[in-house]
Amino acid sequence: MDFRPVPRAPEAFQQPVTAKDIEAIALRSFGRTVRVISAVELGGGMYNNTYRLVAEGFDGPVILRIAPAPERQFASEHELMRNEYATVPFLAPIADLVPRVLAADWSQEITGRDWMVQSHLNGTPAPDRLGDYPRHLWHGFFAQLGTITKSIHAVAGPRFGPVAGPGYATWSEAVLASLSAIADDVSRVGLDAMDVRKVAALTAEHHKVLDEITEPRLLTGDLWTVNTMLAAAPTPVISGVLDLDRTLWGDPAADWTIRMASAKPDERTAFWETYGPHAATAADTWRALVYEARHLGAIRLERHRLHNPSGVDDTYTSMAAVVAQLI
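This one's a predicted model, so the numbers in the text were calculated from it and none came from an experiment.

A. Region of the structure containing the sheet that holds strand E6 (residues 115-119). Judged by pairing direction, the sheet is mixed, and its six strands sit side by side in the order E1-E2-E3-E4-E6-E5 without closing on themselves. Each having just a single partner strand, strand E1 (2-4) and strand E5 (101-105) make up the two edges of the open sheet. Within this sheet the neighbouring strands show an average axis-to-axis angle of 20 degrees, counted without direction. In terms of strand pairing, strand E2 (residues 36-42) meets strand E3 (residues 49-55) through six bridges, oriented antiparallel. The partner of Ser38 across the bridge, within E3, is Val54. Across the sheet, helix H1 (residues 19-30) touches E1, E2, E3, strand E4 (62-66), E5 and E6, and the angle it forms with E6 is around 65 degrees.

Below, the structure written as C-alpha cells:
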C-alpha cells in the first residue's frame, strides 16, 4: 500500500495512525476481498484525521475519518463523530449533498479511536475554489447556503442538546450545559474561564428568555464555506456538505451558520434572501449575545489547540464586550 501521512510535530493535536491500522480498518469494513492500494492523508481538517483510500474493486476512492483519542477530546466536543453518525437520518432534506456512511466502528479495538468510512464527494473544497470566480458570482453561493441551512433548520427534534445526547427538556438547560463544559475545558488547559462562567451565571439568572424557545430545531453546528464542496461549473454550485459533527437541537439563531452569515455586509447578505429574515426583538438580541459568548468560548479552545496565543487573547477582548452588553 502507498501510505502518505501528513508530517506532524509530536505536540500536534492530530496524531497519525499506521499503515497497518488502515489495513485492519479496511479488512473490518470491506472484508478480505478488498485490498487498499493507497491511503493519502488530507490536511484540510483540524480535528479528525482524514484519509482518501483507493482500493482494488472500488469504482472510486472512499474517505476514512479517524477521531482523536478519547483522552485528547474536550468535554465540550465529546464524541463528535458519534454525534455526526446519529445525525445522518435527520439530514434527509440534503441527503444528495452529504456523504454516505459505509462503515463505522466505536469499539476502538484497532486504533483506540472511533472511525468512520464515508463515500467520496466529488468537487473542490469551497475555500480552494470560490476565489477563482468573480466576486459578483459569490452571491449565488451564499444564496445556496441559505437554502441548505433553511432546510436543515426546518427539521424538528425530540429535545434540546446534541443530537446523540445528552438531551435536555429546556433550551436554557442545554445552553448552560454547553457553557459549563466549555468553561471547564478552558480551565483544564490552564486558561482563565471567568468570563465564560460569568455568561453562564447571567444565562441562569435570565433563563426564561432562552426558554421562550420551545421547539427544538436541527442546527448544523459549524456549517460555512469550509464545510462545502463546489462542482466544476461556470458559476459556484454547492455539490457537497461535509463534517456536520457538531449538530444539536436548539434555536436556529444559535447556529454557527447564522453567526457567519451576519458577520459582514458583503456577498453573504444573499444568504438571507433564501433563508428568510431573522427576528430582532430585545429577547432575540439578548439571546444572540449568549450564543456569541458560546461561540467565542469554542473559538478560544480551538485557537489554543492550534497553538495560536494571539488568537486566544483576542477572544478575551471580544468576550468582555459581550459580557458588558449582557449585564
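Now, onward.
B. Molecular detail of the nonpolar core. Ile94, Phe141, Leu145, Ile148, Trp171, Val241 and Leu326 are the most contacted members of the largest nonpolar core, which has 63 residues in total. Counting residues per element, this core draws most heavily on helix H10 (residues 282-305), at eight residues. Beyond its immediate stretch of four places on either side in the chain, Phe141 contacts Ala126, Leu130, Thr225, Thr228, Leu230, Pro236 and Ile238. If you look at the next biggest cluster of nonpolar residues, it comprises 12 residues, including Val17, Val62, Leu64 and Ile66.

C. Fine view of unusual backbone geometry. For the bond from Gly165 to Pro166, the omega torsion is 0 degrees, close enough to zero to count as cis. Considering the arrangement of structural elements, one finds Pro166 in the loop between strand E8 (161-162) and helix H5 (171-188). Even without a glycine there, the phi angle at Glu79 is positive, about 50 degrees. Judged by relative accessible area, which is 27%, Glu79 ranks as partly exposed. Phi is positive for Gln108, which is not a glycine, with a value near 60 degrees. Along the chain, Gln108 falls in the loop between E5 and E6.

D. Spotlight on the layout of surface pockets. Here the second largest pocket defines a volume of roughly 480 Å³. Lining the second largest pocket are 20 residues, with Ala253, Ile258, Ser262, His278 and Ala288 sitting closest to its centre. Looking at the lining of the second largest pocket, the elements with two or more residues in it are helix H8 (256-261) and H10. With seven residues, the top contributor of residues to the lining of the second largest pocket is H10.

E. Seen up close, the sheet that holds strand E11 (residues 238-241). In space, the three strands of this open sheet follow the order E7-E10-E11, with antiparallel pairing throughout. This sheet does not close on itself; its edge strands, each paired only once, are strand E7 (124-125) and E11. Looking at chain direction, strand E10 (residues 228-230) and E11 are connected through three bridges and run antiparallel. Within E11, the residue paired with Leu230 across the bridge is Ile238. Set on the sheet, helix H4 (residues 138-153) makes contact with E10 and E11; between it and E11 the angle comes to about 45 degrees.

F. View of the environment of Ser310. Considering the arrangement of structural elements, one finds Ser310 in helix H11 (residues 309-326). Exposure remark for Ser310: the relative accessible area of 48% places this residue in the partly exposed category. Each C-alpha atom of the pair Ser310 and Lys208 lies 36 Å from the other, and the pair is 102 residues apart in sequence.

G. Local environment of the packing of helix H6 (residues 194-205) against H11. Packing of H6 against H11 brings their axes to within 10 Å, and their N-to-C directions diverge by 20 degrees. Here H11 runs roughly parallel to H6, going by the angle between their axes. In this structure, the crossing between H6 and H11 has a hand that is left-handed. Contact residues: H6 offers Asp195, Val196, Lys198, Val199 and Leu202, while H11 offers Tyr316, Met319, Val323 and Leu326. Considered class by class, the residues forming the contact of H6 with H11 number seven nonpolar, no polar and two charged.

H. Structural detail: the packing of aromatic side chains. Applying the stated rule across the entire model yields 13 aromatic pairs. Here Trp224 and Phe271 contribute two aromatic rings whose centre-to-centre distance is 6.5 Å and whose plane-to-plane angle is 55 degrees, an arrangement assigned as tilted. Taken together, the positions of Trp224 in the loop between strand E9 (217-219) and E10 and Phe271 in helix H9 (residues 270-275) put the pair 47 residues apart, joining distant regions of the chain. Considered together, Trp224 and Phe271 belong to a single accessibility category, that of buried residues.

I. Quick peek at the pattern of salt bridges. Tallied over the entire structure, the rule returns 24 salt bridges. Where Asp243 meets Arg65, a salt bridge forms, and the shortest distance between an N and an O atom there is 3.3 Å. With Asp243 in the loop between E11 and strand E12 (248-250) and Arg65 in strand E4, the pair connects residues that are 178 residues apart, well separated along the chain. Judged by relative accessible area, which is 3%, Arg65 ranks as buried. Because the salt bridges share partners, they merge into one network encompassing Glu77, Asp222, Arg246, Glu302 and Arg305.

Here is what the cut-offs are and how they apply
Going along each chain's sequence as written, the residues are numbered from 1 onward. Owing to the predicted nature of the model, reporting of local features is limited to residues with pLDDT of at least 70; listing and counting of side-chain atom pairs is limited to 80 or more, with chain, interface and lining totals taken over all residues. As a rule here, side-chain values cover all heavy atoms of the structure and leave hydrogens and water aside. One requirement defines pairing of two strands: DSSP has to find at least two bridges between them. Here a helix means four or more residues in a row that DSSP labels H or I, a strand means two or more in a row labelled E, and each is numbered from the N terminus. Each axis is a line fitted through C-alpha atoms, taken for helices only over the stretch in contact, and angles between the N-to-C directions span 0 to 180 degrees. Whether two residues are in contact is decided by their heavy atoms: any pair within 4.5 Å suffices. We call a set of buried residues a nonpolar core when its members are Ala, Val, Leu, Ile, Met, Phe, Trp, Tyr or Cys and they connect through side-chain atoms within 4.5 Å of each other. Think of it in three bands: residues with accessible area under 20% of the maximum for their type are buried, residues over 50% are exposed, and the middle band is partly exposed, with areas taken using a 1.4 Å probe on protein chains only. Cavities and pockets were defined on a 1 Å grid built from protein atoms only: a cavity is a group of points that admits a 1.4 Å probe but offers it no way out, a pocket is an open group of points flanked by protein on both sides within 12 Å along at least five of seven lines, and a lining residue is one with an atom within 4 Å of any such point. Grid points are joined across faces, edges and corners, and a volume is the space filled by probe spheres set on the points. The labels follow the angle: roughly parallel below 35 degrees, roughly antiparallel above 145, roughly perpendicular from 65 to 115, and oblique for the rest. Two helices that cross are described as forming a left-handed crossing if the nearer one is turned anticlockwise from the farther one by less than a right angle, and a right-handed crossing if clockwise. In this classification, Asp, Glu, Lys and Arg are treated as charged, Ala, Val, Leu, Ile, Met, Phe, Trp, Tyr, Cys and Pro as nonpolar, and every other residue, Gly included, as polar. Any pair of Phe, Tyr and Trp rings, taking the six-membered ring for Trp, is counted once the centres come within 6.5 Å. Such a pair is stacked with planes under 30 degrees apart, edge-to-face with planes over 60 apart, and tilted for the rest. Here, a salt bridge means any Lys or Arg side-chain nitrogen found within 4 Å of an Asp or Glu carboxyl oxygen.

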